[in-house]
Amino acid sequence: TCNDAVAGTVNIGGGTNACSNAGTFESSFASGTTTIGVTFNNTGSVQVGTGGTLNLSGGGTSTGGSFTGGGTLQFSSGYTFDAASTISTANAIFSAGTTTLAGTYSATNTTLSGGTLTTGSSPITLGTNFTHAGGMGNARLNKLSPELQKQFGYQPAQATAAEKQQAEANRNFR
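For the structure given in this document, a descriptive report is provided here. No experiment lies behind these values; they were computed from the predicted model shown.

1. A look at the overall build of the protein
Turning to step 1, where the next piece is worked out: When its secondary structure is counted, the protein shows two helices and 16 strands.
Turning to step 2, where the next piece is worked out: Going through the 174 residues of the protein one by one, you find that 33% of them count as buried.
Turning to step 3, where the next piece is worked out: By sequence separation, contacts in the protein at least 24 residues apart represent 12% of the contacts at least 6 residues apart.

2. Concerning the environment of Ser27
Turning to step 1, where the next piece is worked out: By the secondary structure assignment, Ser27 is in strand 4 (residues 24-27).
Turning to step 2, where the next piece is worked out: What makes Ser27 buried here is its relative accessible area of 5%.
Turning to step 3, where the next piece is worked out: Along the backbone, Ser27 and Leu54 are 27 residues apart, and their C-alpha atoms lie at a distance of 7.6 Å.

3. So, the pairing of strand 7 (residues 45-48)
Turning to step 1, where the next piece is worked out: In the sheet, strand 4 pairs with strand 7 via four bridges, with the strands oriented parallel. Looking at the pairing, Ser27 lines up with Val48 of strand 7.
Turning to step 2, where the next piece is worked out: Across three bridges, strand 7 lies against strand 10 (residues 66-75) in parallel orientation. The residue of strand 10 that forms the bridge with Val46 is Phe67.

4. Here's the deal with the side chain of Thr34
Turning to step 1, where the next piece is worked out: Inspection of the secondary structure puts Thr34 in strand 5 (residues 32-36).
Turning to step 2, where the next piece is worked out: Given a relative accessible area of 3%, Thr34 falls into the buried group.
Turning to step 3, where the next piece is worked out: In this structure, Thr34 is in contact with Asp4, Val6, Ala7, Gly8, Phe29, Thr53, Leu54 and Asn55, ignoring residues within four places of it in sequence.

5. Things to note about the pattern of salt bridges
Turning to step 1, where the next piece is worked out: The final tally for this structure, using the stated rule, is one salt bridge.
Turning to step 2, where the next piece is worked out: For Arg171, the salt bridge is made with Glu168, and the minimal N-O distance between the two is 2.8 Å. With Arg171 and Glu168 both in helix 2 (residues 156-173) and three residues apart, the pair spans about one turn of that helix.
Turning to step 3, where the next piece is worked out: The class of Glu168 is partly exposed, set by a relative accessible area of 36%.

6. A few points about the nonpolar core
Turning to step 1, where the next piece is worked out: By size, the foremost hydrophobic cluster in this structure holds 21 residues, and its most contacted members are Leu56 and Phe67.
Turning to step 2, where the next piece is worked out: Setting aside its immediate chain neighbours within four residues, Leu56 contacts Ile36, Phe40, Phe67, Leu73, Gln74, Phe75, Ser76, Ser77 and Tyr79.

7. Focus: the packing of aromatic side chains
Turning to step 1, where the next piece is worked out: Applying the stated rule across the entire model yields eight aromatic pairs.
Turning to step 2, where the next piece is worked out: Judged by centre distance (5.3 Å) and plane angle (10°), the ring pair of Phe75 and Phe94 falls under stacked. Residue Phe75 is found in strand 10, and its partner Phe94 is found in strand 12 (residues 86-94); the two are separated by 19 residues along the sequence.
Turning to step 3, where the next piece is worked out: Its relative accessible area of 1% is what places Phe94 among the buried residues.
Turning to step 4, where the next piece is worked out: The rings of Phe67, Phe75, Tyr79, Phe81, Phe94 and Tyr105 are connected pair by pair, giving a single aromatic cluster.

8. As for the side chain of Thr89
Turning to step 1, where the next piece is worked out: Along the chain, Thr89 turns up in strand 12.
Turning to step 2, where the next piece is worked out: Of note is the side chain of Thr89, whose polar atom sits 2.9 Å from the backbone oxygen of Asn91.
Turning to step 3, where the next piece is worked out: Residues within four places of Thr89 in sequence aside, it is in contact with Val48, Phe67, Thr68, Gly69, Gly71, Leu73, Ser106, Ala107 and Thr108.

9. Brief notes about the environment of Gly134
Turning to step 1, where the next piece is worked out: Relative to the helices and strands, Gly134 resides in strand 16 (residues 129-138).
Turning to step 2, where the next piece is worked out: Look at Gly134 and you get buried, because its relative accessible area is 18%.
Turning to step 3, where the next piece is worked out: Distance from Gly134 to Phe94, taken between C-alpha atoms, is 9.6 Å for residues 40 residues apart in sequence.

Each value, and the rule that gives it
Residues numbered from 1 in each chain as written. Predicted model: local features only at pLDDT ≥ 70, side-chain atom pairs only at ≥ 80, totals over all residues. Heavy atoms only, no water. Helix = DSSP H or I, 4+ residues; strand = E, 2+ residues; numbered from the N terminus. Buried < 20%, exposed > 50% of the residue type's maximum accessible area, 1.4 Å probe, protein only. Contact = heavy atoms within 4.5 Å. Pairing = 2+ DSSP bridges. Salt bridge = Lys/Arg side-chain N within 4 Å of Asp/Glu carboxyl O. Core = buried A, V, L, I, M, F, W, Y, C linked by side-chain atoms within 4.5 Å. Phe/Tyr/Trp six-rings, centres within 6.5 Å; stacked < 30°, edge-to-face > 60°. Polar contact = N/O pair within 3.5 Å; in protein donor to acceptor, adjacent residues only side chain to side chain.

Interpretation in functional terms is not warranted from these geometric data alone.
Here you go:
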């Protein structure tokens, strides 16, 4: 277990550096931000303490890893989650880079303020509150929860007809 008790920055200059978590990484400070400025790969458990922010600014991947806790998880560089990964923090911020979510996502509050958020083929729940303040979201609307489908005006019959029409146009184009 690695306990980050004081907000700060992890950034190793020069070379190709990475932090690989296969155990438990927890932040326990009451306020502030820890920024990990090197690639952060996670196959273990990351627990973000209430009141704090863990900013993964160096990118990375999660392969079967979990991100939990009452704090904020921020992505300010590209990050990829496989289908076995989970995010269930109180807050998630996507502020730069391209983040690809293929696993289970249930953060209570989600903010897209920059970069690109792409969802995989599994249904995801964007939480109680979703704020779009910038950036681009790529979501398969048919995989979103019924509440979000309604919010975005998704109409299944029209979508199916449009997909068939596009497939026919692609066949005729060849």
